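One-letter residues, chain by chain:
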Amino acid sequence: MERSRASLPLAALLHGMIGMYVVPVLVLVLVVVALLAHAGLKWALWLLLAVAVQIALAFLAFDAAWVGALHGINAFTIIALAEVGARAVAHAPEHVAHAKRVMRPAM
């Protein structure tokens, strides 16, 4: 029994729209910010890869239901990468040698 997209619950529609449009745009913005800030680029690129895999798994899950489990597991990977990347950037002046001369005090 095939359901049309119009008959999906609102939560499922929001999940799909946020996952396909909002999250990829935010990750691309994060990559640009990481490039400009000279900190956290490695984590931003890993996050970009994880989001690309997440979108691919979402489409593959329509053909094979077990891929949906991978989609859920990868969501936790995305959360973990975002958290570890945020912590790495928060401590960037200690770990990134050139960050101290790039950063300027607020006036």
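Residues numbered from 1 in each chain as written. Predicted model: local features only at pLDDT ≥ 70, side-chain atom pairs only at ≥ 80, totals over all residues. Heavy atoms only, no water.

Peer 1: Help me understand the side chain of Gln54, please; the structure alone is not making it clear to me.
Peer 2: Examined against the element boundaries, Gln54 turns out to sit in helix H2 (residues 41-60). Aside from chain neighbours lying at most four places away, what touches Gln54 is His71, Asn74, Ala75 and Ile78. (Helix = DSSP H or I, 4+ residues; strand = E, 2+ residues; numbered from the N terminus. Contact = heavy atoms within 4.5 Å.)

Peer 1: Explanation requested: the packing of H2 against helix H3 (residues 67-90) in the structure shown.
Peer 2: In a pair of packed helices, the angle between the axes and the distance between the axes together describe the arrangement. The contact between H2 and H3 brings their axes to 9 Å, and the two run at 165°. Relative to H3, the element H2 lies roughly antiparallel. The handedness of the crossing between H2 and H3 is left-handed. Each of Trp43, Trp46, Leu47, Ala50, Val51, Val53, Gln54, Leu57, Ala58 and Leu60 in H2 lies in contact with H3, whose residues at this interface are Val67, Leu70, His71, Asn74, Ala75, Ile78, Leu81, Ala82, Val84, Gly85 and Ala88. (Axes fitted to C-alpha atoms, helices over the stretch in contact; angles between N-to-C directions. Parallel < 35°, antiparallel > 145°, perpendicular 65-115°, else oblique. Left-handed = near helix turned anticlockwise from the far one by under 90°.)

Peer 1: Would you take a moment to explain the pattern of salt bridges for this structure?
Peer 2: Opposite charge on two side chains lets them pair, provided their charged atoms get close. The full count for this structure, using the stated rule, is one salt bridge. Glu83 is paired through a salt bridge with Arg87; the nearest N and O atoms lie 2.8 Å apart. With Glu83 and Arg87 both in helix H3, this residue pair falls four residues apart, about one helical turn. For Glu83, a relative accessible area of 40% gives the class partly exposed. Residue classification places Arg87 among the exposed positions, given a relative accessible area of 55%. (Salt bridge = Lys/Arg side-chain N within 4 Å of Asp/Glu carboxyl O. Buried < 20%, exposed > 50% of the residue type's maximum accessible area, 1.4 Å probe, protein only.)

Peer 1: Hey, could you run me through the packing of helix H1 (residues 10-37) against H2 in this one?
Peer 2: It is at 9 Å that the axes of H1 and H2 come closest, and there the two elements cross at 165°. By the angle between their axes, H1 is roughly antiparallel relative to H2. The interaxial crossing formed by H1 with H2 has left-handed handedness. Contacts between H1 and H2 involve Gly19, Met20, Val23, Pro24, Val27, Leu28, Leu30, Val31, Ala34 and Leu35 from the former and Leu41, Ala44, Leu45, Leu47, Leu48, Val51, Ile55 and Phe59 from the latter. Residues of the contact of H1 with H2, tallied by class, amount to 17 nonpolar, one polar and no charged. (Nonpolar A, V, L, I, M, F, W, Y, C, P; charged D, E, K, R; others polar.)

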